[in-house]
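What the coordinates show
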Amino acid sequence: MDFERMKEDATREERITMEAIVDAYGPEEQAMGWYYYLEGKMAFPFKAICTSKRRTSPVKVGAKMTVVRMAPEEDCEREMFVEIEWDDNALAIPLDQLEALDADAGTREAIEDWQYWVDRGYEFG
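The paragraphs below set out a description of the structure included in this document. (Residues numbered from 1 in each chain as written. Predicted model: local features only at pLDDT ≥ 70, side-chain atom pairs only at ≥ 80, totals over all residues. Heavy atoms only, no water.)

**Things to note about the overall build of the protein chain**
Our working rule: Helix and strand labels come from DSSP, where a helix needs a run of H or I of at least four residues and a strand needs a run of E of at least two; each type is numbered from the N terminus. Atoms considered for the radius of gyration are the C-alpha atoms alone. The globule rule reads 2.2 Å times the number of residues to the power 0.38. Relative accessibility thresholds used throughout: buried, under 20% of the residue-type maximum; exposed, over 50%; partly exposed, between the two (1.4 Å probe, protein chains only).
Across its full length, the protein chain holds 3 helices and 5 strands. The C-alpha radius of gyration of the protein chain comes to 14 Å, within 12% of the 14 Å expected for a compact globule of 125 residues. Taking the principal axes of the C-alpha coordinates as reference, the protein chain spans close to 40 × 30 × 30 Å. Looking at the protein chain residue by residue over its 125 residues, the buried ones come to 42%.

If you want it as structure tokens, here you go:
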């Protein structure tokens, strides 16, 4: 989504500030704040669909998958990744590629918070 078209959502901004990146003073702390916020709010497993193409991800737009967990912390130092079932293995893909299909309200809200943050052009730091 284009940053210039993404309108600020005061409620979402407040939730992100108070729950995801509260007391985070540098990029590493912000990344870990987001990691634990997402891990704590998302109920795994859940079904999702890929909504955007990424050059670093083999998942195609429209592909449906099962999201099984957050990727390891060390994989989430620059952006948030989740693990999906992939050919009898786990594959880490960017969370901003996905839309939840059968997830609970907390999971949907967490994913939408992360995507909002990315779409607004925010970065760790």
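And the narrative resumes.
**Focus: a negative patch on the surface**
Note the cut-off: Like-charged residues are merged into a patch within 9 Å and nonpolar side chains (Val, Leu, Ile, Met, Phe, Trp, Tyr) within 5 Å, provided each residue has over 30% relative accessible area and no salt bridge. Accessibility throughout is a Shrake-Rupley quantity obtained with a 1.4 Å probe, and a residue counts as covered only by protein chains that appear here. Counted as salt bridges are all cases of a side-chain nitrogen of Lys or Arg within 4 Å of a carboxyl oxygen of Asp or Glu. Positive charges are assigned to Lys and Arg, negative charges to Asp and Glu, while His and the chain termini are left out of the count. For this purpose, a charge sits on NZ of Lys, CZ of Arg, CG of Asp or CD of Glu.
A contiguous patch of negative charge, built from D23, E28, E29, E39, E73, E74, D75 and E77, is present on the exposed surface. Relative to the assigned elements, D75 resides in the loop between β2 (64-70) and β3 (81-86).

**Some details on the packing of aromatic side chains**
Where we set the bar: Two aromatic rings, drawn from Phe, Tyr or Trp (for Trp, its six-membered ring), form a pair once their centres lie within 6.5 Å of each other, and the interplanar angle then sorts them: stacked below 30 degrees, edge-to-face above 60, tilted otherwise.
Here the structure, examined in full by the defined rule, presents 9 aromatic pairs. For the pair W34 and W117, a centre-to-centre distance of 5.5 Å together with 55° between the ring planes defines the contact as tilted. Highlighted residues: W34 in helix α2 (residues 27-41) and W117 in helix α3 (residues 105-119), separated in sequence by 83 residues. Assigned by exposure class, W34 and W117 land together as buried. In textbook terms, an aromatic cluster arises when at least three aromatic residues are bridged by ring pairs, as seen for W34, Y37, W114, W117, Y122 and F124.

**A look at helix α1 (residues 10-20)**
Under the convention used in this document: By definition, the arc is the one covered by directions from the helix axis to the C-beta atoms. Any N or O atom pair separated by 3.5 Å or less is treated as a polar contact, with the protein-specific requirement of one donor-capable and one acceptor-capable atom, and with residues adjacent in sequence counted only for side-chain atom pairs.
Those residues of α1 not exposed but buried are R12, E13, R15, I16 and A20. Down the axis of α1, the smallest arc covering the buried residues is 165°, so these residues share one side. Summarising the geometry of α1, the exposed residues directed more than 90 degrees from the buried face are A10 and T11. Its side-chain oxygen at 3.1 Å from the backbone nitrogen of T11, D9 defines the N-terminal cap of α1.

**Observations regarding the sheet that holds β3**
Rules: The pairing criterion for strands is at least two bridges between them, as found by DSSP. Axis definition: a line fitted to C-alpha atoms, limited for helices to the stretch in contact. Angles are taken between N-to-C directions and run from 0 to 180 degrees. For this analysis, residues touch if any pair of their heavy atoms sits within 4.5 Å.
On the basis of which strands lie adjacent, the open sheet formed by 5 strands has the order β4-β3-β2-β1-β5 and antiparallel pairing. Only two strands of the sheet have a single neighbouring strand rather than two, namely β4 (89-94) and β5 (98-100). Across the sheet, the mean angle separating the axes of adjacent strands is 45° when strand polarity is ignored. In this sheet, β2 lies alongside strand β1 (residues 46-50) in antiparallel orientation, the contact comprising 4 bridges. Paired with F46 across the strands is V67, a residue of β2. Set on the sheet, α3 makes contact with β1 and β5; between it and β5 the angle comes to about 155°.

**Comments concerning the side chain of S57**
With respect to the helices and strands, S57 occurs in the loop between β1 and β2. S57 has contacts with I93, P94 and Q97, leaving out every residue within four places of it along the chain.

**A closer look at the pattern of salt bridges**
Going through the model one piece at a time under the given rule, you end up with 11 salt bridges. Ionic pairing is found between K41 and E109, a salt bridge with its closest N-O pair at 2.3 Å. Taken as a pair, K41 in helix α2 and E109 in helix α3 lie far apart in primary sequence, 68 residues in all. Taking the shortest distance from any N to any O, the salt bridge between E83 and R69 comes out at 2.7 Å. Taken together, the residues E83 in strand β3 and R69 in strand β2 connect sequence positions 14 residues apart.

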